[in-house]
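Structural overview for review
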Amino acid sequence: MEHTMDDATEDARELNEARMHVRRIDASHDMDVAQRIWREIGWNEPDDTRQEQSLATFLGGADAWVAELRGQPECIVATMPGTFMHLSQEIRMRAVMAVTTSHVARRLGLATRLTAHALSHSAGDGELASFLGMFDQGFYNRLGYGSGAYERRISFDPATLVVEGRPRIPHRLSSQQAVQMHQNRLRRTRGHGACNIVPEAVTSGWTKFSKDGFGLGYYDDGGRLTHHLWGVARGENGPYRIDWLAYETTGQLLELLRLIKNLGDQVHSVSLHEPAWLHMQDLLDQPFRNSSLTEGGRMEYRWDSFAGWQLRILDIEKIMAVTSIPVKETISFNLRLTDPIARYVGEDDGSWSGTAGDYIITLGEESHARVGYDESLPSMQASVNAFSRLWFGAASPCSLSVADEMEAPVDLLEKLTREVRIPKPSLDWLF
C-alpha cells in the first residue's frame, strides 16, 4: 500500500506531540534499553547472556541512532560502512543493519523517520548507495529503496553432493577467531553486487549470537585463514544452516563443499545460499527424486528463490561518475527522477534531502549524470527506487516499466535491455 502525504503528516503530528528526539546512541547508557527492545521484538531471548554479548558487540561497532519518546529511547537504527562491487568497480556504501522499534512506539512512523535521518547523514558522509535486508516488501520503498534480484537458498542432504576427493582435516573456529574470519570474508572472491561490511563487530557479534554456532576452516603456512564456513547446528541429524562461505579460489570452494559432504554421515539436511556464479543443482545427486521423497518433511530437499534485500542510490552524479559499463556505443537519455524520502527528512537531518531532479544520463565505459535536459534525447521518468534497480541490474528495464515506477519510450527500454548487459547481482553477505 502506498504511503501517502496525509499518512506522513499524521505521523509527524503524533511524533511532535510525543516530543520525539533523535540522537546518536550512547553505548554506556543505552545498552540496557537496546537489550529490552531486542527482547520485546523477539530478536533476543530473555536471560540469554550470549545474545546480550552479541548485541553489545554489534552496537559497539555500528553507527547507531536512537529516537526518544517522552525522554525514553524507543527506536534504534544501526548502520555500518562498507563497499560493494558494480561490475569491476568497488563503490562506497552504507548498510542498514538493524531497525528496531519498541512495542509502545509502533505505527508512529518512528522507524521511517529515524532511518531517513541515518540515510541523510550517510549521504553527507560521502556514501553513494545504501543496502538493507527487508522484513517484507513495501515498507522501505517509502525511503527510495527498490527490491534486489532473486537469490536462491538450497536445502539438501550433504551426502548427495557430487564432489570428488576428501577434504583436509579442518581447524575448528569459534567467536575467538572472529577477527580472522572477518578478514577472510573481506578478502573472499567477489562478483557483481557482492558487499563487504567493514567493521569487525559484524562478524564478531554474529558468531557470538548462537550457542549452536560453529566454524570450520583452513590456514596457509603463514597462519592466515584462507577459506572457511560458519553455520548453526541443530540437533544430531540437523537441519544445519550455513550462514556464509568465504574462499579466495574455486579450489577452496570445492574443499569447503567436500567438508560439507563429510557431514553427511550424520547430518541429513544442510541449507545455504547458492554462491552467485554456481549452479548447485549440478553438484547434487538426483535432486528431483530426493525433493519428492522429502517433500513436507523437516529435512526437506528444496530450493527457495526470493529477493530479501533492497538498495537505493544516495548520489546520482557521483555514483554515475564511477560507473563503467561495457556497451557497443554510449546510451544517453533524459531522466526525471523522483525521490519519496524528501517527505521524511527535515532541517535537523542535515543538508541532504534525496536525489530528485532532472538529469542527462550517459551509460558506457565512461558514464555520467549531469543536471539538465536535452531536447534531442529520449526521456525517462522514474523513482530512485526503480532507477537504482535498473543501474544495479536487479530487474530489466521492461520489467520495471510494468511493475515499478518507470516510464520511457519503448525504443529506449528495448535498447537498454539489449545493450546494457549487467549480470544478476548477489550481495553474498547477510544483513
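Here the structure is a predicted model, which means the values were calculated and not measured.

**Thoughts on the packing of aromatic side chains**
Counted according to the given criterion, the structure contains 16 aromatic pairs. Between phenylalanine 135 and phenylalanine 139, the aromatic rings sit 5.5 Å apart at their centres with planes inclined by 55°, giving tilted as the arrangement. According to the relative accessible area criterion, phenylalanine 135 is exposed, its value standing at 60%. Taken together, a centroid distance of 4.8 Å and an interplanar angle of 85° make the contact between phenylalanine 139 and tyrosine 140 edge-to-face. Put simply, the rings of Phe84, Phe131, Trp309, Trp391 and Phe392 touch in pairs and so form one group of aromatic residues.

**A word on the environment of leucine 229**
Structurally, leucine 229 can be placed in strand E11 (residues 225–232). For the pair leucine 229 and glycine 144, spaced 85 residues apart in the sequence, the C-alpha separation amounts to 34 Å. Residues within four places of leucine 229 in sequence aside, it is in contact with Phe214, Gly215, Leu216, Ile242, Trp244, Leu245, Leu256, Leu259 and Ile260.

**Structural notes on helix H2 (residues 27–40)**
The terminal C-alpha atoms of H2, which comprises 14 residues, lie 19 Å apart, in line with the 20 Å expected from a rise of 1.5 Å per residue. Along H2, the largest kink reaches about 25° and is centred on valine 33. Turning to H2, its buried residues number three or more, namely Asp30, Met31, Val33, Ala34, Gln35, Ile37 and Trp38. Next to the buried residues of H2 lie strand E1 (21–24), helix H3 (49–60), strand E2 (63–69), strand E3 (72–86) and strand E4 (89–101). Immediately beyond the C-terminal end of H2, within one or two residues, lies glycine 42, with a positive phi of roughly 85°.

**Structural notes on the sheet that holds strand E18 (residues 368–371)**
With respect to topology, 5 strands assemble into an open sheet ordered E18-E17-E16-E19-E20, the strand pairing being mixed. The sheet is open, and its two edges are formed by E18 and strand E20 (406–407), each paired on a single side. Here strand E16 (residues 331–338) runs beside strand E17 (residues 357–363); their pairing, made up of 7 bridges, is antiparallel. Among the inter-strand pairings, arginine 336 is bridged to a residue of E17, identified as aspartate 358.

**Some details on the nonpolar core**
In terms of nonpolar packing, the biggest core is built from 63 residues, with Leu59, Phe84, Phe131, Phe333, Ile361, Met380 and Phe387 touching the most fellow members. Sorting elements by how many residues they give to this core places helix H10 (residues 384–392) first, with 6 residues.

**A closer look at the packing of H2 against H3**
In the contact formed by H2 and H3, the axes pass within 10 Å of each other and the chain directions differ by 120°. Relative to H3, the element H2 lies oblique. Every pair of crossing elements has a handedness; the one defined by H2 and H3 is right-handed. In this structure, H2 uses Met31, Ala34, Gln35, Trp38 and Arg39 to contact H3, whose residues at the interface are Glu52, Leu55, Ala56 and Leu59. Partitioned by chemical class, the residues of the contact of H2 with H3 number 6 nonpolar, 1 polar and 2 charged.

**Topic: the side chain of serine 388**
Relative to the helices and strands, serine 388 is located in helix H10. Overall, the relative accessible area of 0% leaves serine 388 in the buried class. Within polar-contact distance, the side chain of serine 388 engages the backbone nitrogen of isoleucine 313 at 3.0 Å. If sequence neighbours within four positions are ignored, serine 388 has contacts with Leu311, Arg312 and Ile313.

**Thoughts on the pattern of salt bridges**
For the coordinates displayed, the defined rule picks out 27 salt bridges. Across the pair glutamate 68 and arginine 23 runs a salt bridge, and its minimum N-O distance is 2.9 Å. Taken as a pair, glutamate 68 in strand E2 and arginine 23 in strand E1 lie far apart in primary sequence, 45 residues in all. With a relative accessible area of 13%, glutamate 68 lands in the buried category. Owing to a relative accessible area of 22%, arginine 23 belongs among the partly exposed residues under this scheme.

What counts, and where the lines are drawn
Residues numbered from 1 in each chain as written. Predicted model: local features only at pLDDT ≥ 70, side-chain atom pairs only at ≥ 80, totals over all residues. Heavy atoms only, no water. Phe/Tyr/Trp six-rings, centres within 6.5 Å; stacked < 30°, edge-to-face > 60°. Buried < 20%, exposed > 50% of the residue type's maximum accessible area, 1.4 Å probe, protein only. Helix = DSSP H or I, 4+ residues; strand = E, 2+ residues; numbered from the N terminus. Contact = heavy atoms within 4.5 Å. Expected span 1.5 Å × (residues − 1). Bend = angle between axes of the 7 residues up to and from the residue. Pairing = 2+ DSSP bridges. Core = buried A, V, L, I, M, F, W, Y, C linked by side-chain atoms within 4.5 Å. Axes fitted to C-alpha atoms, helices over the stretch in contact; angles between N-to-C directions. Parallel < 35°, antiparallel > 145°, perpendicular 65-115°, else oblique. Left-handed = near helix turned anticlockwise from the far one by under 90°. Nonpolar A, V, L, I, M, F, W, Y, C, P; charged D, E, K, R; others polar. Polar contact = N/O pair within 3.5 Å; in protein donor to acceptor, adjacent residues only side chain to side chain. Salt bridge = Lys/Arg side-chain N within 4 Å of Asp/Glu carboxyl O.

By themselves these figures say nothing about function.
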